[in-house]
Amino acid sequence: MTTQAFRIVYGPWDCGLCANCGEGRENYCERTSGLGGGLGGHDGGMAEYLLVSATRFLIPLDVLDPREAAPLADAALTSYHAVKRSLYLLGAGSTAVVIGAGGLGQMAIQILRAVTSATTIVAVDTAADKLATARRMGADEALMAGDEAVTRVREMTGGQGVQLVLDMVGVDATLRMAVQVARVLGNLTIVGLGGGALPVSSLSPPHECSVCSPYWGYITELMEVVDLARAGRIRTLVEYFPLERADEAYRLLHEGKIQGRAVITPHT
Ligand SMILES: [Zn+2]
């Protein structure tokens, strides 16, 4: 089988009948409670084969290597959706902060670089190696998490804060930083599923700063993500594991020892 035959699965496929599904927004199916249908709703995604409910959820990969393209379906689509909904804020002179430069954050940085050439991108993390990777992926500044990072971001923006904060972690500490660097009329977008909480009052977050927590992305956006990858604008650091070593991959992820994404390759 050549790579021409491979397709990537749109993971959050769902009923296909409600208004949101009809718009290609199956990640927000009106008939599903909780985290989507498709891969989000069933056990058994980690298997040699997977039954997908319709061929329209399979996007052609063309020349892309399916092993390298696998993270496009999740890390890239999730990041792309989070960035695209805030594009109206990211004009010349704008700044975006990406908190967390792991696999998800690295993708967000590349997508920001690819679709917002005039935006200053700031990466924040607690690990020096991830900050170095963030710079390679296109971040203009890479800051170690902490009070000094907040001070630096506020300096860079004349004390105003940034147009877009992407919290790719979503724990209490990262949300605290996110609100400190957000600006009036900006967007604070919680992508990471860390389970942290953000206190909200009439004074914080800043006035008319919108807080949202998007989930995955639309099927048309997956097509756009695949186009970006085909054009060489985004790539993923990938480590491969055979199916028998899937447990090891999870352990390394848990220990923070995977630089980008772990991909299980059943047939190699
Ligand atoms: Zn639906």
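Residues numbered from 1 in each chain as written. Predicted model: local features only at pLDDT ≥ 70, side-chain atom pairs only at ≥ 80, totals over all residues. Heavy atoms only, no water.

Attention now moves to the domain arrangement of the protein. Taken domain by domain, the protein consists of domain 1 (3–74 + 218–236) and domain 2 (84–212). For domain 1 and domain 2, the distance between their C-alpha centres works out to 26 Å. On the domain 2 side, the residues contacting the seven residues of domain 1 number six residues. Taken together, both faces of the contact between domain 1 and domain 2 bury some 760 Å²; the carbon and sulfur share is 60%. Counting the surface domain 1 buries against domain 2, the share from its top three residues, R233, I234 and R235, is 52%. As a salt-bridge pair, K84 and E224 come within 3.0 Å of each other at their nearest N and O atoms. Applying the counting rule to domain 1 against domain 2 returns three residue pairs in polar contact (both at pLDDT 80 or more). (Domains from an automatic or database assignment. Contact = heavy atoms within 4.5 Å. Buried area = accessible area lost by both parts, 1.4 Å probe. Salt bridge = Lys/Arg side-chain N within 4 Å of Asp/Glu carboxyl O. Polar contact = N/O pair within 3.5 Å; in protein donor to acceptor, adjacent residues only side chain to side chain.)

Turning next to the sheet that holds strand β3 (residues 95–99). The strand order across the open sheet formed by six strands is β5-β4-β3-β6-β7-β8, and the pairing between neighbours is parallel. Each having just a single partner strand, β5 (141–144) and β8 (210–212) make up the two edges of the open sheet. On average, each strand axis in the sheet is tilted by 15 degrees relative to the strand beside it, whichever way the strands run. Both strand β4 (residues 120–125) and β5 contribute to a ladder of four bridges, which runs parallel. Residue pairing in the sheet places V122 in a bridge with E141 of β5. Each of β3, β4 and β6 (162–167) is contacted by helix α5 (residues 103–115), which is oriented at about 165 degrees to β3, the strand it contacts most. With respect to the sheet, helix α6 (residues 128–136) is in contact with β4 and β5, its orientation differing from that of β5 by roughly 170 degrees. (Pairing = 2+ DSSP bridges. Helix = DSSP H or I, 4+ residues; strand = E, 2+ residues; numbered from the N terminus. Axes fitted to C-alpha atoms, helices over the stretch in contact; angles between N-to-C directions.)

Moving on: the pairing of β4. Each regular strand shows side chains that alternate between the opposite faces of the sheet. Burial of β4 is extensive: five of the six residues sit out of reach of the surface. On the question of chirality, the crossover connecting β4 to the parallel β5 by way of α6 is right-handed. (Buried < 20%, exposed > 50% of the residue type's maximum accessible area, 1.4 Å probe, protein only. Right-handed = clockwise from strand over helix to strand, strands pointing away.)

So, about the packing of aromatic side chains. A full pass over the atoms with the stated rule returns four aromatic pairs. Summarising the aromatic geometry, the rings of Y28 and Y218 are spaced 6.4 Å apart at their centres and angled 80 degrees between planes, so their arrangement reads as edge-to-face. Of the two residues, Y28 sits in the loop between α1 (19–22) and α2 (38–41) while Y218 sits in the loop between β8 and α9 (219–230), which places them 190 residues apart along the sequence. Here Y28 falls in the partly exposed class, since its relative accessible area comes to 30%. Connected via pairs of aromatic rings, a cluster forms that spans Y10, W13 and F57. Directly above the ring of Y240 sits R67, whose terminal nitrogen or CZ lies 4.5 Å from the centroid. (Phe/Tyr/Trp six-rings, centres within 6.5 Å; stacked < 30°, edge-to-face > 60°. Lys NZ or Arg CZ within 6 Å of the ring centre and 35° of its normal.)

Next up on the list: the pattern of salt bridges. Applying the stated criterion across every chain, the model contains 10 salt bridges. In this structure, the salt-bridge partner of R67 is D65, at a minimum N-O distance of 3.5 Å. Given a relative accessible area of 33%, R67 falls into the partly exposed group. Its relative accessible area of 24% is what places D65 among the partly exposed residues. The partner of E141 in a salt bridge is R152, with the nearest N and O atoms 2.6 Å apart.

Another aspect to go through is the pairing of strand β9 (residues 238–241). The sheet contact formed by β9 and strand β10 (residues 261–264) spans four bridges and is parallel. Following the sheet pairing, V238 is matched in β10 by R261. Handedness of the β-α-β unit built from β9, helix α10 (residues 246–254) and β10 comes out right-handed.

What follows is about the environment of Q259. Of note, Q259 is situated in the loop between α10 and β10. Between the C-alpha atom of Q259 and that of P242, which follows or precedes it by 17 residues, the distance is 18 Å. Excluding anything up to four places from it in sequence, Q259 contacts G103, Q106, D129, T133, L237 and E239.

Counting residues in hydrophobic clusters, the biggest one holds 46 residues, and the most contacted among them are I8, L72, I109, L112, L166 and I234. The set of elements that each furnish at least two residues to this core consists of α4 (75–84), β3, α5, β4, β6 and α9. Examining the composition of this core, we find that seven residues originate from one element, α5, more than from any other. Look past the residues within four positions of I8 in its chain and what remains in contact with it is F57, L58, I59, L61, A69, A70, L72, A73, L222 and V226. I99, L143, L175 and A182 belong to the second-largest nonpolar core, a separate cluster that totals 20 residues. (Core = buried A, V, L, I, M, F, W, Y, C linked by side-chain atoms within 4.5 Å.)

The reference angle at a metal is 109.5 degrees if four donors form a tetrahedron and 90 or 180 degrees if six donors form an octahedron. Around the zinc ion, the protein contributes the donor atoms C15 (SG), C18 (SG), C21 (SG) and C29 (SG), at 2.3 to 2.4 Å from the metal centre. Sequence spacing of the donor residues for the zinc ion, all on one chain, is C-x2-C-x2-C-x7-C. In this pair, C15 sits in the loop between β1 (7–9) and α1 while C29 sits in the loop between α1 and α2, placing the two residues 14 residues apart along the sequence. Residue C15 is classed as partly exposed on the basis of its relative accessible area, which comes to 26%. (Donors = N, O, S within 2.8 Å, 3.2 Å for Na, K, Ca; no water.)

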